[in-house]
Protein chains: 2
Amino acid sequence: MSLDFELLEKDPHSQARAGVIHTPHGQIPTPVFAPVGTQATVKAVSPRELRELGASLILANTYHLYLRPGPDTIANLGGLHDFMGWDGPIMTDSGGFQVFSLARLRALDMTGVTFRSHLDGSEHFFTPEKVIDIQGKLGADIVLCLDECPEPLDYDYNVQALERTHRWAEHCRAAHTRRDQALFGIVQGGAFADLRRQSAEFITALDFPGYSIGGLSVGEPKEVMHEMLEVTVPLLPEDRPRHLLGVGSPEDFFEGVARGIDIFDCVLPTRIARNGAVFTRTGRLNIRNAQYADDPAPIEEGCDCYTCRHFSRAYLRHLVMAKEMLGFRLATLHNLSFMLNLAREIREAILAGTFSALKKEFLAHYEIVPHEARQRNREARGKGLGTRDQG
Amino acid sequence: MSLDFELLEKDPHSQARAGVIHTPHGQIPTPVFAPVGTQATVKAVSPRELRELGASLILANTYHLYLRPGPDTIANLGGLHDFMGWDGPIMTDSGGFQVFSLARLRALDMTGVTFRSHLDGSEHFFTPEKVIDIQGKLGADIVLCLDECPEPLDYDYNVQALERTHRWAEHCRAAHTRRDQALFGIVQGGAFADLRRQSAEFITALDFPGYSIGGLSVGEPKEVMHEMLEVTVPLLPEDRPRHLLGVGSPEDFFEGVARGIDIFDCVLPTRIARNGAVFTRTGRLNIRNAQYADDPAPIEEGCDCYTCRHFSRAYLRHLVMAKEMLGFRLATLHNLSFMLNLAREIREAILAGTFSALKKEFLAHYEIVPHEARQRNREARGKGLGTRDQG
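Residues numbered from 1 in each chain as written. Chains lettered and ligands numbered in written order. Predicted model: local features only at pLDDT ≥ 70, side-chain atom pairs only at ≥ 80, totals over all residues.

Novice: What is the right way to look at the overall build of chain A in this model?
Specialist: Scanning chain A from terminus to terminus reveals 16 helices and 16 strands. Relative to its length of 391 residues, chain A is compact, with a C-alpha radius of gyration of 20 Å against a globular reference of 21 Å. Each of the three principal axes of chain A carries a C-alpha extent, and together these read 60 × 50 × 40 Å. A total of 391 residues make up chain A; the buried ones form 56% of that total. (Helix = DSSP H or I, 4+ residues; strand = E, 2+ residues; numbered from the N terminus. Rg over C-alpha atoms; globule rule 2.2 N^0.38 Å. Buried ≥ 20, exposed ≤ 12 C-beta atoms within 10 Å, placed from the backbone.)

Next comes the structure, spelled out in structure tokens:
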């Protein structure tokens, strides 16, 4: 098998666990946060900077790379690792999420989905087989099954969508031949415990080397996400890595780890950086705020990222207000550093048996963005569905 | 004196010379190319990258920094060096060029110039004394006198403008007190040899520690620029550094050095990078061209920049087509590397007595962008006047 998961330690007070995933391009210590490189680049950041930040896994988007520059171009240039100059582990999603959230849908049945490109309106057809072929050409270490990510609250629709997701999983499993790529199954089921259970049972019966959980953090309250994880994760085999698609924020990271998740990917640190929002241990701050105009302090005292070691809040604010690319880069570097350091801290705590104390201490100081504000942000982006698409 | 110029070698076949400028923030080997950091950042590039590229001097724009974030903010944060995290030598222009090319002019006389901000329409008044005060707060190692940069071909207007530039130079000279800043005088005179001579004589009589030549490369044919340099430079004292404002391209660099110029600054390498244009030894290429879509070669074989060591033309093209920030950064890094390496190569050749051979060899292979194409580009940017303003 191309992927080997080594479980090192289980937290005595939660479902949290620490491990290592071995891939053809190196090891991934878990729990891990994977920065998203939608278009074969983590926005504003170079591969060298990713390495210095200690990133051990990145996620790239099949839908975007299929449309531009195209899988054959990437294959001709040696695959995604060579193409983008990143020699560490890469995961690609299946493109399903973007087809349903970003493209214009044309037709949908058991065989696949027809859609129009958001770039030029051209028509395309994704089948499970085609998505495996595209991901084969891209050459990531971990690839995903085609899945449908429906609105989470319509039960009848979720029943139908789940049927398609399961059929597609079977076809992906059958079409997958590249032995240096690990194909993960995806559990769906919306906000419904019975569908989640049914999906976990169906997908795990297909025996994948790892499992992703999709369709969460797409607008539902956090409590629903927690409940769905509590229903799903115990049905996944302990000896396989578990991935929570498109999640998340620092608080989601803790809550997911506590419920047994190993892999997280999310555009949040990179996307909010481009609006001037940066993470601190007490919550997000927005550097555009006038109060930082003359502030000589770094974003966060004690932070060891390039941004905090060299630049003041005042300078970062100036760059962001002046729309200078360096501003977006410096904010992104800080936010990625924050999430990657948090992942390492969480892992150390699990290994030391102190995860629950760390979680309690972190969440006591960290001010969470309220659900209503998140909903407003989501609507301002013009989307009902989540945050996995645009890096 | 805050600035000391050491002349090391003169080329036997031209006016080219090699030297070292000593400043409070380190040495500047000359001839030197100074990247432009309009808003206290060389666009898309970090200070660390500038250092790795071997930049020894950068130029920042007084007009832009005066409007945003303001000289007091920068002074409160320890001056431009601390503010932007660049501890090497910095030069600021006087803001004059931008007032005349970018702002909306309101009134102009011997005392100064009233203009409206291009950012918010607010009204401001620049006098020679004010410009010295602003630059004092910014704290660059080399600062410039307020000057007027008129259309180069209207003789009568140039006579009047030169009168103002000279009066302002006297006032700047008198107002300048900060001993760790070297104030350069600026020679103007449009496209007219007699005015250039008159200006060189007037300005050098004021005894500045260095001299800038302004009002060239603003749309006139290259031959006119060459002629004006041939008229002006011999009238400047040999023991002071000579700066050609807002120039230039690789070919301008050779032609300027051959006519005795030591310091060049220009937005060209950074600005064209944002359009996907990159320098090679045979001329510019535009990476957006479809022919590079599957090209595995670096921009230029043998180039030792980060971009060429790690990435293909195909990847760079993908990033630029997808409007990814990393694409603009990688193109900028290459172009700056090209210019800074060229400066080092030119300097070595002068020291070795082989400058004329290098110039001949370079220009024999380098395809120059024709005057008509440069004019079209200039008009497409909506400007009669030059390229010094926007980084």
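Novice: Please clarify how the relation of the copies chain A and chain B should be interpreted in this entry.
Specialist: The operation relating the two chain copies consists of a rotation about an axis and a shift along that axis. Expressed as a screw operation, the relation of chain A to chain B combines 0.0 Å of axial shift with a rotation of 180°, fitting to an RMSD of 0.0 Å. Put plainly, the chains are arranged around a two-fold axis. Closest approach to the rotation axis within chain A is made by the C-alpha atom of A:Met325, at a distance of 3.5 Å. Comparing contact sets, 100% of the residues at the interface of chain A also lie at the interface in chain B, consistent with an isologous, same-surface contact. (Least-squares fit on C-alpha atoms with pLDDT ≥ 70 in both. Contact = placed C-beta atoms within 7 Å.)

Novice: I tried to follow the interface of chain A and chain B on my own but got confused; where do I start?
Specialist: Accessible area lost when the parts come together is the quantity often used to give the size of an interface. Listed as interface residues are 31 residues of chain A and, on the opposing side, 31 residues of chain B. The biggest single contributor to the side of chain A that touches chain B is helix 13 (residues 313-321) of chain A, with 5 residues. When its residues are assigned to classes, the side of chain A that touches chain B shows 17 nonpolar, 9 polar and 5 charged. (Nonpolar A, V, L, I, M, F, W, Y, C, P; charged D, E, K, R; others polar.)

Novice: Help me out: how do you make sense of the nonpolar core in this one?
Specialist: Grouped burial of nonpolar side chains is what soluble globular proteins tend to show. Grouped together as the largest cluster of nonpolar side chains are 242 residues, with contacts concentrated most on A:Ile58 and B:Ile58. Counting residues per element, this core draws most heavily on helix 14 (residues 325-352) of chain B, which supplies 14 residues. Apart from the residues within four sequence positions on either side, B:Ile58 is in contact with B:Ala34, B:Pro35, B:Gly37, B:Val42, B:Leu50, B:Trp86 and B:Ile90. (Core = buried A, V, L, I, M, F, W, Y, C linked by C-beta atoms within 7 Å.)

Novice: Quick question: what am I supposed to make of the sheet that holds strand 11 (residues 182-187) of chain B here?
Specialist: What holds strands together in a sheet is hydrogen bonding between their backbones, with the strands either parallel or antiparallel. Residue and element names in this part refer to chain B. Strand order in the open sheet formed by 8 strands is 4-14-13-12-11-10-6-5, with parallel pairing between adjacent strands. Unpaired on one side and paired on the other, strand 4 (32-35) and strand 5 (58-60) mark the two borders of the sheet. Each neighbouring strand pair of the sheet contributes to a mean axis angle of 25°, computed without reference to strand direction. Alignment of strand 11 against strand 12 (residues 211-213), held across 3 bridges, turns out to be parallel. Each residue of the ladder has a partner; that of Gly185, found in strand 12, is Tyr211. Against the sheet, helix 8 (residues 193-205) touches strand 11 and strand 12, its axis set at about 160° to strand 11. (Pairing = 2+ DSSP bridges. Axes fitted to C-alpha atoms, helices over the stretch in contact; angles between N-to-C directions.)

Novice: Just checking my understanding: could you explain the pairing of strand 9 (residues 123-126) of chain B for this structure?
Specialist: In regular strands, side chains alternate between the two faces of the sheet. All names here are of chain B. Relative to strand 9, strand 8 (residues 112-116) runs antiparallel, the two being bridged by 4 bridges. Within strand 9, the position partnered with Phe115 by the bridge is His124. What sits between strand 8 and strand 9 in their antiparallel hairpin is a turn of 6 residues, with Gly121 showing a positive phi close to 75°.

Novice: Help me understand the environment of A:Pro241 in this model?
Specialist: Residues and elements named next belong to chain A. In this structure, Pro241 sits in the loop between helix 9 (222-232) and strand 13 (242-244). Pro241 sits in the buried class, given 28 other C-beta atoms within 10 Å. Between the C-alpha atoms of Pro241 and Gly19, which are 222 residues apart in sequence, the distance is 8.8 Å. Here Pro241 is in contact with Phe5, Ile21, Thr30, Gly210, Asp262 and Ile263, once residues within four sequence places are set aside.

Novice: Honestly, the environment of A:Tyr306 in this entry has me stumped. Any pointers?
Specialist: Locating A:Tyr306 in the fold gives a position in helix 12 (residues 306-310). On the neighbour-count criterion, A:Tyr306 (20 C-beta atoms within 10 Å) is buried.

Novice: Quick question: what am I supposed to make of the domain arrangement of chain A here?
Specialist: Residues and elements named next belong to chain A. Taken domain by domain, chain A comprises domain 1 (4-266) and domain 2 (273-365). Taking only C-alpha atoms into account, the centre of domain 1 sits 27 Å from that of domain 2. Contacts between the two partners involve 27 residues from domain 1 and, on the opposite side, 21 residues from domain 2. At 6 residues, helix 10 (residues 250-258) tops the list of elements feeding residues into the side of domain 1 that touches domain 2. Here the side of domain 1 that touches domain 2 is composed, by residue class, of 18 nonpolar, 3 polar and 6 charged. (Domains from an automatic or database assignment.)

Novice: I'm lost on the packing of helix 8 of chain B against helix 9 (residues 222-232) of chain B in this one. Help?
Specialist: Helix packing geometry: the angle between the two helix axes and the distance between the axes. Residue and element names in this part refer to chain B. The contact between helix 8 and helix 9 brings their axes to 9 Å, and the two run at 40°. Taken as a pair, helix 8 and helix 9 cross one another with a handedness that is right-handed. Residue-level contacts link Ala193, Arg196, Arg197 and Ala200 of helix 8 to Glu227, Met228, Val231 and Thr232 of helix 9. Tallied by class, residues from the contact of helix 8 with helix 9 come to 4 nonpolar, 1 polar and 3 charged. (Left-handed = near helix turned anticlockwise from the far one by under 90°.)

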